[in-house]
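Structural overview
Take a look at the letters that make up each chain.
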Amino acid sequence: MNVAATVESEQSNQMSLTVVVNGAVITGRLAPEAVWRERVAEVLRDSERLGGFAGVFAPPPEDTARPGAPTHLHFHVARILQGTLGIPETGGMYRVAIEDVSAWTVGDFSYTDD
């Protein structure tokens, strides 16, 4: 998916995307993998119970980064849409294999009660 490669190469987190993966609709903004990993590691470091897992998500050093086309989409401020709800309401961090995406559209979805 060229969208993922562009996000990675330009280190941008402003691209909104909605995808369907195994019947689930996920909507949010894409982040470069290194940025996504650092944010997940930061959240884990701040947790008293989960701090020990932060190192698992730390970005690899530049010299060991995986070459080639991205294999995953890294969402932040993302929600899984269920009926008229977005879970979680505040947005979460999701990693989705590009090969599992069955449909997509540019932009993110939100609901209003108007």
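Details of the structure are given in the entry above.
Since this is a predicted model, take the numbers as computed values, not measurements.

What counts, and at which threshold
Residues numbered from 1 in each chain as written. Predicted model: local features only at pLDDT ≥ 70, side-chain atom pairs only at ≥ 80, totals over all residues. Heavy atoms only, no water. Phe/Tyr/Trp six-rings, centres within 6.5 Å; stacked < 30°, edge-to-face > 60°. Helix = DSSP H or I, 4+ residues; strand = E, 2+ residues; numbered from the N terminus. Buried < 20%, exposed > 50% of the residue type's maximum accessible area, 1.4 Å probe, protein only. Patch = residues over 30% accessible without salt bridge, like charges linked within 9 Å, V, L, I, M, F, W, Y side chains within 5 Å. Areas by Shrake-Rupley, 256 points an atom, 1.4 Å probe, with all protein chains shown as cover. Salt bridge = Lys/Arg side-chain N within 4 Å of Asp/Glu carboxyl O. Pairing = 2+ DSSP bridges. Arc of directions from axis to C-beta. Contact = heavy atoms within 4.5 Å. Core = buried A, V, L, I, M, F, W, Y, C linked by side-chain atoms within 4.5 Å.

Counted under the stated rule, the structure contains one aromatic pair. When the centroid spacing of 6.3 Å and the interplanar angle of 70 degrees are considered together, the rings of Trp-36 and Phe-57 count as edge-to-face. With Trp-36 in helix 2 (residues 33–45) and Phe-57 in helix 3 (residues 54–57), this residue pair connects regions lying 21 residues apart in the sequence. Note on Trp-36: relative accessible area 6%, which makes it buried. Judged by its relative accessible area of 26%, Phe-57 falls in the partly exposed class.

On the surface, Leu-50, Phe-53 and Val-56 cluster together into a nonpolar patch covering about 290 Å² of accessible area. On the secondary structure map, Val-56 appears in helix 3.

This part covers the pairing of strand 4 (residues 85–97). Across eight bridges, the pairing between strand 3 (residues 72–82) and strand 4 is antiparallel. Residue Leu-73 lies in a different strand from strand 4, and its bridge partner there is Val-96.

Let's shift gears to helix 1 (residues 2–10). Residues of helix 1 that are buried include every one of Val-3, Ala-4 and Val-7, and no others. The buried residues of helix 1 all sit within an arc of 100 degrees when viewed along its axis, so they share a single face. Every exposed residue of helix 1 that faces more than 90 degrees away from the buried side is listed here: Asn-2, Ser-9 and Glu-10. Looking at the buried side of helix 1, the elements it contacts are strand 2 (24–30) and strand 3. Taken from the residues just after helix 1, Gln-11 is the one with a positive phi, measuring 50 degrees.

Turning our eyes to something else, we now look at unusual backbone geometry. If you check the backbone angles, Asn-22 has positive phi at about 50 degrees while not being a glycine. Take Asn-22: its relative accessible area is 72%, and that puts it in the exposed class. Positive phi outside glycine occurs at Val-77, with the angle close to 50 degrees. Relative to the assigned elements, Val-77 resides in strand 3.

In this section: the nonpolar core. Of all hydrophobic cores here, the largest spans 15 residues; its most connected members are Val-19, Ile-26, Leu-30, Leu-73 and Phe-75. Going through the elements one at a time, helix 1, strand 1 (16–21), strand 2, strand 3 and strand 4 are the ones with two or more residues in this core. Residues Ala-31, Trp-36, Leu-44 and Ala-54 belong to the second largest nonpolar core, which totals six residues.

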